[in-house]
Amino acid sequence: MKKIIAFVLTTLFFGTTSFAAENPTQTEVQQNTIIVKTSKASKPLVEAWANAYMQTNKDVVIEITSKQSAQADLVYVNTSKEQATDSKQIALVGRYAILPVTSAENPIIAELQKKEWNKNDIKKLYFSSLDEDIDEDEEASSGKAGKLREKLTVYSGTNASSTSAVFAQYYGFQTSELRGNKISGDDLYLLNAIDEDKQSITFNNIAYLYNTTDRQLKSNITILPLNVKKDVEDILQNGNLDQTLKVLEQQNIDLIPVESFGFAYDKLNIKAEKFLEWVVSDGQQYNNQKGFLRLGEKDAQNQLKELAQR
């Protein structure tokens, strides 16, 4: 009888231990959970990173949120120019490019496509005040832009993760100097705006401009023709996402803003640190897939060194 009781107790002990191992407590789950707050534009990429990482790191749970009020271990920042502080560090994880676009059904699209737009043209089209230091050649070449600006409504974003601040700063302006209408909410609404008000222009992250499934420019969008090298312009007008990403990763093109983005954090726990290291190294293979540029090799190496020192 004693042997039977001992056997039962032993079975119950090991059975309970096995159950506990297979069913971690809520505290254990919380300790292994990384909460990532991201923008809607970058969410598909972050999801791709998270899914791939959890496949090989079964003990880690990555929760992704876009809610502004959410508490998170890692918080998306859409510009490398955001400064790290004593309480906040920033790890860069990728890059994105911004292109000027209009509706494919814009009634004056033929006029827009007659010219290759240079930097001063872009300033005239999109901004309400202009640099006074413009030489005569530039002024003469952008005369058409000055005439067309009055025919076009500009749409730009006001959301904290909008590309508007980056676009304006790249051309030497403040967001308050962008002409036209400001749209609250995600930058995806800018494409809705030019689809409804067709005689208009906007700009956006290329992750929103192309379909990441068939890799083509969305059919209701046209990229403004830019004054760049012919091979680059041919690629832009061809509308293939992979070709566009390739040329943007290989060349610095003066008329196309390219900005790094990353995650800010206060205290980096070991789980989040390992995830970030993986994103900067192995995870870069997913950037192009979701419409983003990879970090340059030098930037990636520098980022890994910085993470190792934290």
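First, a word on what this report is: a plain description of the structure on this page. (Residues numbered from 1 in each chain as written. Predicted model: local features only at pLDDT ≥ 70, side-chain atom pairs only at ≥ 80, totals over all residues. Heavy atoms only, no water.)

### Observations concerning the packing of helix α3 (residues 43-56) against helix α13 (residues 270-280)
Two measures define how a pair of helices packs: the angle their axes make with one another and the distance between the axes.
Thinking step 1. Running from N to C, α3 and α13 cross one another at 110°; their axes reach a closest spacing of 11 Å. When the axis of α3 is compared with that of α13, the two are roughly perpendicular. Judged by the twist between their axes, the crossing of α3 over α13 is right-handed. Seen from α3, the contacting residues are Trp-49, Ala-50, Ala-52 and Tyr-53; seen from α13, they are Lys-271, Lys-274, Phe-275, Trp-278 and Val-279.
Thinking step 2. Residue classes in the contact of α3 with α13 are distributed as seven nonpolar, no polar and two charged. (Axes fitted to C-alpha atoms, helices over the stretch in contact; angles between N-to-C directions. Helix = DSSP H or I, 4+ residues; strand = E, 2+ residues; numbered from the N terminus. Parallel < 35°, antiparallel > 145°, perpendicular 65-115°, else oblique. Left-handed = near helix turned anticlockwise from the far one by under 90°. Contact = heavy atoms within 4.5 Å. Nonpolar A, V, L, I, M, F, W, Y, C, P; charged D, E, K, R; others polar.)

### Regarding helix α14 (residues 297-308)
Thinking step 1. In this model, α14 (12 residues) spans 17 Å end to end at C-alpha, consistent with the 16 Å of a helix rising 1.5 Å per residue.
Thinking step 2. Contacts from the buried residues of α14 go to β4 (89-103), β9 (258-265) and α13. (Expected span 1.5 Å × (residues − 1).)

### Focus: the packing of aromatic side chains
Thinking step 1. Applying the stated rule across the entire model yields 16 aromatic pairs.
Thinking step 2. Ring centres 6.0 Å apart and planes at 15° place the aromatic pair Phe-127 and Phe-167 in the stacked group. In this pair, Phe-127 sits in the loop between α5 (119-126) and α6 (136-141) while Phe-167 sits in helix α8 (residues 164-170), placing the two residues 40 residues apart along the sequence. The same class applies to Phe-127 and to Phe-167, which are both buried.
Thinking step 3. Aromatic ring contacts, followed pair by pair, group Tyr-126, Phe-127, Phe-167, Tyr-170, Tyr-171, Phe-173 and Phe-203 into a single cluster. (Phe/Tyr/Trp six-rings, centres within 6.5 Å; stacked < 30°, edge-to-face > 60°. Buried < 20%, exposed > 50% of the residue type's maximum accessible area, 1.4 Å probe, protein only.)

### Considerations on unusual backbone geometry
Thinking step 1. For Arg-215, which is not glycine, the phi dihedral falls at a positive 70°.
Thinking step 2. As for its placement among the helices and strands, Arg-215 is situated in the loop between α10 (206-209) and β8 (221-223).
Thinking step 3. Judged by relative accessible area, which is 13%, Arg-215 ranks as buried.

### Looking at the pattern of salt bridges
Pairing is possible between side chains that carry opposite charge, provided their charged atoms lie close to one another.
Thinking step 1. For the coordinates displayed, the defined rule picks out 11 salt bridges.
Thinking step 2. One salt bridge in this structure joins Asp-195 and Lys-198, with 3.5 Å as the shortest N-O distance.
Thinking step 3. For Asp-195, a relative accessible area of 32% corresponds to the partly exposed category.
Thinking step 4. Put simply, Glu-105, Asp-195 and Lys-198 are held in one network by salt bridges that share partners. (Salt bridge = Lys/Arg side-chain N within 4 Å of Asp/Glu carboxyl O.)

### A short note on the environment of Glu-196
Thinking step 1. With respect to the helices and strands, the residue Glu-196 is situated in helix α9 (residues 188-196).
Thinking step 2. By relative accessible area, which is 71% here, Glu-196 ends up exposed.
Thinking step 3. For the pair formed by Glu-196 and Ser-103, sequence separation is 93 residues and the distance between their alpha carbons is 8.9 Å.

### Examining the packing of helix α11 (residues 230-238) against helix α12 (residues 241-250)
Thinking step 1. Two elements in contact, α11 and α12, have axes separated by 8 Å at closest approach and are oriented at 150°. Here α11 is positioned roughly antiparallel relative to α12, judged by the angle of their axes. The two elements α11 and α12 cross, and the hand of that crossing is left-handed. Between α11, through Val-232, Ile-235, Leu-236 and Asn-238, and α12, the contact on the second element is made entirely by Gln-243, Thr-244 and Val-247.
Thinking step 2. Taken together, the residues of the contact of α11 with α12 sort by class into four nonpolar, three polar and no charged.

### Notes on the nonpolar core
Thinking step 1. Counting 85 residues, the largest nonpolar core has Trp-49, Tyr-126, Ile-206 and Phe-275 as its most contacted members.
Thinking step 2. Among the elements that line this core, the one with the most residues is β4, at nine residues.
Thinking step 3. What Tyr-126 contacts, discounting residues up to four positions off in sequence, is Pro-100, Val-101, Val-154, Phe-167, Glu-177, Leu-178, Arg-179, Ile-201, Thr-202, Phe-203 and Leu-224. (Core = buried A, V, L, I, M, F, W, Y, C linked by side-chain atoms within 4.5 Å.)

### Some remarks on α12
Residues lying three or four places apart along an α-helix face the same way, a consequence of the helix completing one turn every 3.6 residues.
Thinking step 1. Along α12, the positions that sit buried rather than exposed are Leu-241, Thr-244, Leu-245, Val-247 and Leu-248. Down the axis of α12, the buried side of the element spans an arc of 170°, and every buried residue falls inside it. In this structure, α12 carries Lys-246 and Gln-250 as exposed residues pointing more than 90 degrees from its buried face.
Thinking step 2. Residues of α12 that are buried make contact with β4, α10 and α11.
Thinking step 3. Residue Asn-240 occupies the N-cap position of α12, its side-chain oxygen lying 3.1 Å from the main-chain nitrogen of Asp-242. (Arc of directions from axis to C-beta. Polar contact = N/O pair within 3.5 Å; in protein donor to acceptor, adjacent residues only side chain to side chain.)

### Let's talk about the side chain of Ser-260
Thinking step 1. Along the chain, Ser-260 turns up in strand β9.
Thinking step 2. Dropping the residues within four chain positions of it, Ser-260 is found in contact with Asn-78, Thr-79, Ser-80, Leu-92, Gly-94, Arg-95 and Tyr-96.

### Thoughts on the side chain of Thr-102
Thinking step 1. Within the secondary structure, Thr-102 is located in strand β4.
Thinking step 2. Other than its neighbours up to four places away in sequence, Thr-102 contacts Ile-109, Leu-112, Ile-194, Lys-198, Ser-200, Ile-201, Asn-220, Ile-221, Thr-222 and Leu-224.

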